[in-house]
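Below are the chains, spelled out letter by letter.
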Amino acid sequence: MKIVMLGAPGAGKGTQAINIAKEYDIPHVSTGDIFRANIKNGTELGMKAKEYMDKGALVPDEVTIGMLLDRISEPDCKNGYVLDGFPRTIPQAESLRKALTEKGDKLDVAVNIEVPDAVIEERMSGRRACLKCGATYHVVYTPPKKEGICDNCGSELVQRADDKPETVKARLATYHEQTQPLIDFYKKEGILKEVDGTQSPSDVFKAVMEALS
Ligand code: AP5
Ligand code: MG
Ligand code: ZN
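Residues numbered from 1 in each chain as written. Chains lettered and ligands numbered in written order. Predicted model: local features only at pLDDT ≥ 70, side-chain atom pairs only at ≥ 80, totals over all residues. Heavy atoms only, no water.

A. Summary view of the overall build of the protein. Counting its regular elements, the protein contains nine helices and seven strands. Here the C-alpha radius of gyration of the protein, 16 Å, is about what a compact globule of 213 residues would show, namely 17 Å. Looking at the protein residue by residue over its 213 residues, the buried ones come to 48%. Put simply, 68% of the contacts in the protein that link residues at least 6 apart link residues at least 24 apart. Here the protein displays about 10,900 Å² of accessible surface, and carbon together with sulfur accounts for 51% of that area. (Helix = DSSP H or I, 4+ residues; strand = E, 2+ residues; numbered from the N terminus. Rg over C-alpha atoms; globule rule 2.2 N^0.38 Å. Buried < 20%, exposed > 50% of the residue type's maximum accessible area, 1.4 Å probe, protein only. Contact = heavy atoms within 4.5 Å. Areas by Shrake-Rupley, 256 points an atom, 1.4 Å probe, with all protein chains shown as cover.)

What follows is the structure, given as structure tokens:
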């Protein structure tokens, strides 16, 4: 199964992608997580990405596309993957399609998680993230068992640098301008499924599983 998750920042792509990856036993590939891991490790890629991420802008396609195509050609991606946060621009979607077509391959489903902007702003302010394993929590909606500690791996949870209200607004604007057009792109490809992302995380997961079956 080769799946793409679409949706605004904070729509719940990461939350659901982790569930899907478990269910289908395929890797969860998040470009945002890859960038954050690079920032944490102080790599050159991380330093470059941080410049853009802190402003709520997109990391340039020249950096992102090659990185993602390399990641999905690793052996663990042979039987599929769930892409979270990629593609985010039309050129990214076209590059992915071209790379897959060259191998006689294609995506199976693009799931769009729909959430209005007002709901998003509230979600982001309460989000806490584990930079080690990628798990995401919300202080009110999906709190960890022990405050400030990841249920999965025991690491300390942090508030993401780009979850400040000003940056969230910028990320939403970037989304509407550059990423939302992908909904039509995948509609035309005939693989788009839409899910109401304002329900509880477990109801969203049920709807996602229905969309995938
Ligand atoms: P990325 O890490 O992908 O961030 P994003 O798209 O802005 O999405 P988020 O991770 O913020 O939200 P999400 O949809 O995963 O929601 P989550 O599940 O956490 O990208 C970060 C940056 O990296 C970008 O801004 C860009 O600069 C760069 N980047 C990444 N990919 C790129 C690319 N391809 N090209 C160029 N640049 C790129 O949920 C949010 C919160 O809500 C959590 O607290 C969660 O617990 C809670 N929640 C989830 N579901 C529900 C629910 N149903 N009800 C209530 N609360 C919920
Ligand atoms: Mg995410
Ligand atoms: Zn963790």
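B. Fine view of the site of ligand 1. With respect to spatial proximity, 37 residues lie near ligand 1, and among them Thr15, Ala57, Arg88, Arg127 and Arg171 are the closest. Side-chain polar atom of Arg127 to an oxygen atom of ligand 1: 2.6 Å apart, as the coordinates give it. Gln199 is positioned such that a nitrogen or oxygen atom in its backbone is 2.8 Å from a nitrogen atom of ligand 1. In isolation ligand 1 exposes 1,000 Å². Once the protein is present, 97% of that is buried. Those elements giving two or more residues to the shell around ligand 1 turn out to be helix H1 (13-24), helix H2 (31-40), helix H6 (117-125), strand E6 (136-138) and helix H9 (201-212). Element by element, the count of residues in the shell around ligand 1 is highest for H2, at four residues. (Near = heavy atom within 4 Å. Polar contact = N/O pair within 3.5 Å; in protein donor to acceptor, adjacent residues only side chain to side chain.)

C. View of the coordination of the zinc ion (ligand 3). The zinc ion (ligand 3) binds to the protein through Cys130 (SG), Cys133 (SG), Cys150 (SG) and Cys153 (SG); the donor distances cover 2.3 to 2.4 Å. With four donor atoms in place around the zinc ion (ligand 3) and angles of 101 to 119° between them, the coordination shape is tetrahedral. Between the donor residues of the zinc ion (ligand 3), the gaps in sequence give the motif C-x2-C-x16-C-x2-C. Residue Cys133 is found in the loop between strand E5 (127-129) and E6, and its partner Cys150 is found in the loop between E6 and helix H7 (165-179); the two are separated by 17 residues along the sequence. Cys150 gets classed as buried once you look at its relative accessible area, which sits at 3%. (Donors = N, O, S within 2.8 Å, 3.2 Å for Na, K, Ca; no water. Tetrahedral: all angles 85-135°; square planar, octahedral: opposite > 155°, others 65-115°.)

D. How the structure looks around unusual backbone geometry. Residue Pro87 is reached from Phe86 by a cis peptide bond, and omega for that bond is -5°. Position of Pro87 among the secondary structure elements: in the loop between strand E3 (81-84) and helix H5 (90-102). Although it is not a glycine, Asp25 adopts a positive phi angle of roughly 55°. Relative to the elements of secondary structure, Asp25 occurs in the loop between H1 and strand E2 (28-30). For Asp25, a relative accessible area of 70% translates into the label exposed.

E. Examining the packing of aromatic side chains more closely. Summed over the entire model, instances satisfying the criterion amount to one aromatic pair. For the pair Phe185 and Tyr186, a centre-to-centre distance of 5.0 Å together with 80° between the ring planes defines the contact as edge-to-face. Judged by its relative accessible area of 12%, Phe185 falls in the buried class. The class for Tyr186 is buried, based on a relative accessible area of 1%. Over the ring of Tyr52 we find Lys55; its NZ or CZ atom is 5.5 Å from the centre of that ring. (Phe/Tyr/Trp six-rings, centres within 6.5 Å; stacked < 30°, edge-to-face > 60°. Lys NZ or Arg CZ within 6 Å of the ring centre and 35° of its normal.)

F. Region of interest: the nonpolar core. Counting residues in hydrophobic clusters, the biggest one holds 46 residues, and the most contacted among them are Leu83, Leu96, Val111 and Tyr186. A per-element tally of this core places H9 first, with six residues. If we skip the residues at most four places from it in the chain, Leu96 touches Val4, Leu68, Leu69, Ile72, Leu83, Phe86, Pro87, Leu107 and Tyr186. Of all hydrophobic cores here, the second largest spans six residues; its members include Phe35, Met53, Val63 and Met67. (Core = buried A, V, L, I, M, F, W, Y, C linked by side-chain atoms within 4.5 Å.)

G. Structural context of the side chain of Asp84. As for its placement among the helices and strands, Asp84 is situated in strand E3. Here Asp84 sits buried without a salt bridge, and the closest side chain of opposite charge, Lys13, lies 5.0 Å off (N-O distance). At 2.9 Å, the side chain of Asp84 forms a polar contact with the side chain of His28. Residues within four places of Asp84 in sequence aside, it is in contact with Met5, Lys13, Gly14, Ala17, His28, Val29, Ser30 and Thr31. (Lys, Arg positive; Asp, Glu negative; His and termini not counted. Salt bridge = Lys/Arg side-chain N within 4 Å of Asp/Glu carboxyl O.)

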